[in-house]
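Descriptive analysis of the structure
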Amino acid sequence: MNTALENLDFSKYADGLIPAVVQDYGTQKVLMLGFMNEEALHHTEQTGLVTFFSRSKGRLWTKGEESGNHLQLRQILVDCDRDSLLVKAVPSGPVCHTGADTCWTEKNSREDFLYYLEHIIELRRKGTDESSYVKKLFAKGINKIAQKVGEEAVELVIESKDVNRALFLGEAADLLFHYLVLLQAKDCTLADVVKELQHRHQPK
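Structure report, in brief. Here the structure is a predicted model, which is why all the values come from computation and not from measurement. (Residues numbered from 1 in each chain as written. Predicted model: local features only at pLDDT ≥ 70, side-chain atom pairs only at ≥ 80, totals over all residues. Heavy atoms only, no water.)

The grouping of Val 30, Leu 33 and Trp 104 at the surface amounts to a nonpolar patch, some 270 Å² of accessible area in total. The exposure class of Trp 104 is partly exposed, given its relative accessible area of 47%. (Patch = residues over 30% accessible without salt bridge, like charges linked within 9 Å, V, L, I, M, F, W, Y side chains within 5 Å. Areas by Shrake-Rupley, 256 points an atom, 1.4 Å probe, with all protein chains shown as cover. Salt bridge = Lys/Arg side-chain N within 4 Å of Asp/Glu carboxyl O. Buried < 20%, exposed > 50% of the residue type's maximum accessible area, 1.4 Å probe, protein only.)

With that settled, the discussion passes to the pattern of salt bridges. Summed over all chains, the structure comprises 8 salt bridges. Close ionic contact of Asp 83 with Lys 12 constitutes a salt bridge, the shortest N to O distance being 2.7 Å. Highlighted residues: Asp 83 in the loop between β5 (71–78) and β6 (85–91) and Lys 12 in the loop between α1 (3–6) and β1 (18–24), separated in sequence by 71 residues. On the basis of relative accessible area, Asp 83 is assigned to the buried category, the value being 7%. Residue Glu 65 is joined to Arg 59 by a salt bridge in which the shortest nitrogen-to-oxygen separation is 2.9 Å. A relative accessible area of 35% means that Glu 65 is categorised as partly exposed. Taken together, the shared-partner salt bridges in this structure form one network comprising Arg 74, Glu 122 and Lys 126. (Helix = DSSP H or I, 4+ residues; strand = E, 2+ residues; numbered from the N terminus.)

Now for the sheet that holds β6. An order of β2-β1-β6-β5 is seen for the 4 strands of this open sheet, with the pairing classed as mixed. The open sheet has two free edges, formed respectively by β2 (30–36) and β5, since each of these has just one partner strand. Along the sheet, successive strands turn relative to each other by an average axial angle of 30°, direction set aside. Bridge count between β1 and β2: 6 bridges; the pairing is antiparallel. (Pairing = 2+ DSSP bridges. Axes fitted to C-alpha atoms, helices over the stretch in contact; angles between N-to-C directions.)

For the rest of this paragraph, the subject is the environment of Val 21. Topologically, Val 21 is positioned in strand β1. Using a relative accessible area of 30% as the deciding quantity, one classes Val 21 as partly exposed. In this structure the C-alpha to C-alpha distance between Val 21 and Lys 186, which are 165 residues apart in sequence, comes to 30 Å. Those residues in contact with Val 21 that lie beyond four places of it in its chain are Val 30, Met 32, Leu 33, Leu 85, Leu 86 and Val 87. (Contact = heavy atoms within 4.5 Å.)

The contact between helix α3 (residues 113–126) and helix α6 (residues 165–185) brings their axes to 10 Å, and the two run at 60°. What the angle tells us is that α3 and α6 run oblique. Regarding α3 and α6, the two cross each other, and that crossing is right-handed. Listed contacts from α6 to Leu 114, Leu 117, Glu 118, Ile 121, Glu 122 and Arg 125 of α3 are Leu 176, Phe 177, Leu 180, Val 181, Gln 184 and Ala 185. Of the residues in the contact of α3 with α6, the class split is 8 nonpolar, 1 polar and 3 charged. (Parallel < 35°, antiparallel > 145°, perpendicular 65-115°, else oblique. Left-handed = near helix turned anticlockwise from the far one by under 90°. Nonpolar A, V, L, I, M, F, W, Y, C, P; charged D, E, K, R; others polar.)

Right, here's the structure in full:
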């Protein structure tokens, strides 16, 4: 457990539970609110699956233990008073028990579609649907993924010398999609690339 989490003040509340707001790591949408005690927090860190203490069940409860719609942990942040958490995670399906994307009935998507598409690629990669194009591509390994990006780049260059706008945009979309796949294969994200560009943009 990191230092910030070790300094959490669980004693501030009579039941020893602190609120944990869950946010989608990719879309930044607020998904749900749960409560954690020390045991739930430790279990979350150890398993990588967001786990709460259920007040109704009177026990630890891992989100998705029945539905399969788990929350894959990415990051935990502590607020300034050390008595609440912001949990950033990747959902594997609808979060609310009603079947909605979030417990506030918001659609869990990002205005920037590329980040949303990146999220979908990650779900396909980790999913169990063996017929998925993304799943098959990842199964072939990094060399095949890189080769595919190269092929799409060449096709885009060829179409750029023509005047068919629709074909050019189609090849541009193919290249961008496979570029996102390659980023994930290298354990990088679109946000990482944006940060690099922002760093280069800083005045010298």
